[in-house]
Amino acid sequence: MTTGARYAYRRRLTDAPLLAAATGGRPNHRPVWFMRQAGRSLPEYREIRAGIGMLESCFNPELVCEITMQPVRRHKVDAAILFSDIVVPLKAAGVDLDIVAGTGPVVANPVRSAADVAALPRLRAEEVGAVTEAISLLTAELGDTPLIGFAGAPFTLASYLVEGGPSRNHERTKALMHSDPKTWHALLGALADTTIAFLQAQLHAGVDAIQLFDSWTGALSEADYRTYVLPHSERVFAEVAEAGVPRIHFGVGTGELLGVMGEAGADVVGVDWRIPLDEAGRRVGPGKALQGNLDPAVLFAGWDAVEKEVRRIAGEADRAIAAGTTGHIFNLGHGVLPDTDPAVLTDVVELVHSL
């Protein structure tokens, strides 16, 4: 991988299986990590977070470092992912929001007009200094394990801002999109600026890969995605390309969008559990790696069922690679559920490494 001059400092992890799988190399074993591995299912996480709010935790470098390291120590996964939240850059920039337990991000003043968009603050790198400090602590502690940085994609951030919080139907978001495209594109342009600034800050601090979460884009048709989302996600990926690190793109319920999401510029396309990986590879097309895609709920079904599903997914991934997919990173099809037995995750890592 080439590294742009602006990102001159970076660990050289040439033998890391995750980075090899993401870039068309030949890893010495199948890499695995889990979305939301740093958090809710681990008793050591619940202990260290007791009495500390989510956003407060995300701006405490030492706490971020410790939480990020916990699943690496316990599960021996092939990557750490920065403990953070997709609304962290919005909060850092000055948006009045909070993460409410049991609900998720709640925005005090939703963004629903051109004036609201014009008033939306942009992120400056120094406003996420706590995050970059945590990355510096982590890169000193992780050894040969890569660190994945991440950000929310413009569409998903826009959905939270327009709806005022999580939404089942995204009706206000879609209404703004279709009724006032000019304001919509101004909003996504502003959010792309913030996402780019957040990712670039992480890249300068030394993350080894980045993942762009477009969690709610599965609510869209392909036509709407192409018109209202794709140009902004493309710009995000293009602006971080110079860093030369693997770029991963993930959304939930995006089986019908995998082809167009693959066009956005990522090296790796994340796949949720609803579609087989060999079919996902056909939709994405050759020349990209895949990530996924065990159903998180299967982890509650007992080891025989878990093992059967892990082996099935590995077989589908191998067929995808035979057809032109460049690599496979094993993961869940979404995040670890809070009541998951951590021992099962550890066993999944051991099994994946043996395949």
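One structure accompanies this document, and this report is about it. Fair warning: this is a prediction, and the values are worked out from it, not measured in the lab.

Definitions and cut-offs
- Residues numbered from 1 in each chain as written.
- Predicted model: local features only at pLDDT ≥ 70, side-chain atom pairs only at ≥ 80, totals over all residues.
- Heavy atoms only, no water.
- Helix = DSSP H or I, 4+ residues; strand = E, 2+ residues; numbered from the N terminus.
- Rg over C-alpha atoms; globule rule 2.2 N^0.38 Å.
- Buried < 20%, exposed > 50% of the residue type's maximum accessible area, 1.4 Å probe, protein only.
- Contact = heavy atoms within 4.5 Å.
- Lys, Arg positive; Asp, Glu negative; His and termini not counted.
- Charge placed at Lys NZ, Arg CZ, Asp CG, Glu CD.
- Pairing = 2+ DSSP bridges.
- Phe/Tyr/Trp six-rings, centres within 6.5 Å; stacked < 30°, edge-to-face > 60°.
- Core = buried A, V, L, I, M, F, W, Y, C linked by side-chain atoms within 4.5 Å.

## Some words on the overall build of the chain
Now for step 1: When helices and strands are counted, the chain shows 16 helices and 9 strands.
Now for step 2: What you see for the chain is a C-alpha radius of gyration of 19 Å, in line with the 20 Å of a compact globule of 355 residues.
Now for step 3: C-alpha atoms of the chain, sized along the principal axes, occupy 55 × 45 × 40 Å.
Now for step 4: When each of the 355 residues of the chain is scored for burial, the buried share is 59%.
Now for step 5: Looking at the chain alone, contacts between residues at least 24 apart form 74% of all its contacts between residues at least 6 apart.
Now for step 6: Side chains of the chain carry 32 positive and 43 negative charges; the gap between the two charge centres is 3 Å.

## A word on the pairing of strand β4 (residues 147-152)
Now for step 1: The element β4 is largely enclosed, with a buried count of 6 among its 6 residues.
Now for step 2: The side-chain alternation of β4 yields two buried faces, one formed by Leu147, Gly149 and Ala151 and the other by Ile148, Phe150 and Gly152.
Now for step 3: Sheet analysis places β4 next to strand β5 (residues 209-213), joined by 5 bridges and oriented parallel. Among the inter-strand pairings, Ala151 is bridged to a residue of β5, identified as Leu212.

## Focus on the sheet that holds strand β9 (residues 328-332)
Strand pairing in a sheet relies on backbone hydrogen bonds. The paired strands run either parallel or antiparallel.
Now for step 1: Judged by pairing direction, the sheet is parallel, and its 7 strands sit side by side in the order β1-β4-β5-β6-β7-β8-β9 without closing on themselves. Strands with a single pairing partner mark the edges of an open sheet, and in this sheet they are β1 (80-81) and β9.
Now for step 2: Note that strand β6 (residues 247-250) and strand β7 (residues 268-270) share 2 bridges and pair parallel. From the neighbouring strand, His249 faces β7, where its bridge partner is Val269.

## Topic: the packing of aromatic side chains
Now for step 1: Following the criterion strictly, the structure yields 5 aromatic pairs and no others.
Now for step 2: With 6.4 Å between their ring centres and 70° between their planes, Tyr160 and Trp216 make a pair best called edge-to-face. Here Tyr160 is found in helix α8 (residues 154-163), whereas its partner Trp216 is found in the loop between β5 and α11 (222-228), with 56 residues between them in sequence.
Now for step 3: A relative accessible area of 28% means that Trp216 is categorised as partly exposed.
Now for step 4: Geometrically, the ring pair formed by Phe213 and Phe250 is edge-to-face, given 6.2 Å between the ring centres and 80° between the ring planes. Of this pair, Phe213 sits in strand β5 while Phe250 sits in strand β6; the two residues are 37 residues apart in sequence, bridging distant segments of the chain.
Now for step 5: The exposure class of Phe213 is buried, given its relative accessible area of 13%.
Now for step 6: Residue classification places Phe250 among the buried positions, given a relative accessible area of 1%.
Now for step 7: Members of the aromatic cluster, joined through ring pairs, are Phe150, Phe213 and Phe250.

## What to know about the nonpolar core
Now for step 1: Trp33, Phe34, Leu161, Leu187 and Val348 are the most contacted members of the largest nonpolar core, which has 125 residues in total.
Now for step 2: With 13 residues, helix α10 (residues 181-205) is the largest single contributor of residues to this core.
Now for step 3: Ignoring sequence-local partners within four residues, the contact set of Phe34 consists of Val77, Asn331, Leu332, Val336, Leu345, Val348 and Val349.

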